[in-house]
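# Structural overview
Residues per chain are reported as follows:
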Amino acid sequence: MKKNDRESIVLSIVKKRDEMLRIAEEDGLSSENTIICSQELDNLLNQLNEYTNFST
């Protein structure tokens, strides 16, 4: 992966985290929408972790 790929993942993580917090405030922490968004955030974090492990 290139540096731009890493930056893209980090930007996606920030956006997804903000989205998840907004949904949690509106729908509650245990709502289905919050959980789905949290799982999507987990996937992005896993991608970043794989990128970090791959780059070292």
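So, a few notes on the structure that sits alongside this text. Bear in mind the structure is a predicted one, so any value in this text is a computation, not a measurement.

A count of helices and strands for the protein chain gives two helices and zero strands. Projected onto its principal axes, the C-alpha positions of the protein chain cover 40 × 15 × 10 Å. Classification of the 56 residues of the protein chain by burial places 23% in the buried group. Long-range pairs, those at least 24 residues apart, make up 54% of the contacts in the protein chain with a sequence separation of at least 6. When the accessible surface of the protein chain is split by element, carbon and sulfur atoms take 50% of a total near 4,300 Å². When the 7 positive and 11 negative side-chain charges of the protein chain are each reduced to one mean point, those points stand 10 Å apart.

On to the nonpolar core. Ranked by size, the top nonpolar core spans eight residues in total: Ile9, Ile13, Met20, Ile23, Cys37, Leu41, Leu44 and Leu48. Counting residues per element, the ones that place at least two in this core are α1 (3-27) and α2 (32-55). In this structure Leu41 touches Ile13, Lys16, Arg17 and Met20, once residues within four positions along its chain are discounted.

Following the sequence through the fold, Ile9 ends up in helix α1. For Ile9, a relative accessible area of 7% corresponds to the buried category.

This next bit is on the pattern of salt bridges. Enumeration according to the criterion identifies four salt bridges in this entry. Between Glu19 and Lys16 there is a salt bridge whose closest N-O contact spans 3.1 Å. One end of the pair is Glu19 and the other is Lys16, both in helix α1 and three residues apart, which spans about a single turn. For Glu19, a relative accessible area of 28% gives the class partly exposed. In this structure, the salt-bridge partner of Glu40 is Lys16, at a minimum N-O distance of 2.6 Å. With Glu40 in helix α2 and Lys16 in helix α1, this pair connects stretches of sequence that are 24 residues apart. Exposure remark for Lys16: the relative accessible area of 15% places this residue in the buried category. One salt-bridge network, held together by shared partners, links Lys16, Glu19 and Glu40.

The rules behind each value
Residues numbered from 1 in each chain as written. Predicted model: local features only at pLDDT ≥ 70, side-chain atom pairs only at ≥ 80, totals over all residues. Heavy atoms only, no water. Helix = DSSP H or I, 4+ residues; strand = E, 2+ residues; numbered from the N terminus. Buried < 20%, exposed > 50% of the residue type's maximum accessible area, 1.4 Å probe, protein only. Contact = heavy atoms within 4.5 Å. Areas by Shrake-Rupley, 256 points an atom, 1.4 Å probe, with all protein chains shown as cover. Lys, Arg positive; Asp, Glu negative; His and termini not counted. Charge placed at Lys NZ, Arg CZ, Asp CG, Glu CD. Core = buried A, V, L, I, M, F, W, Y, C linked by side-chain atoms within 4.5 Å. Salt bridge = Lys/Arg side-chain N within 4 Å of Asp/Glu carboxyl O.

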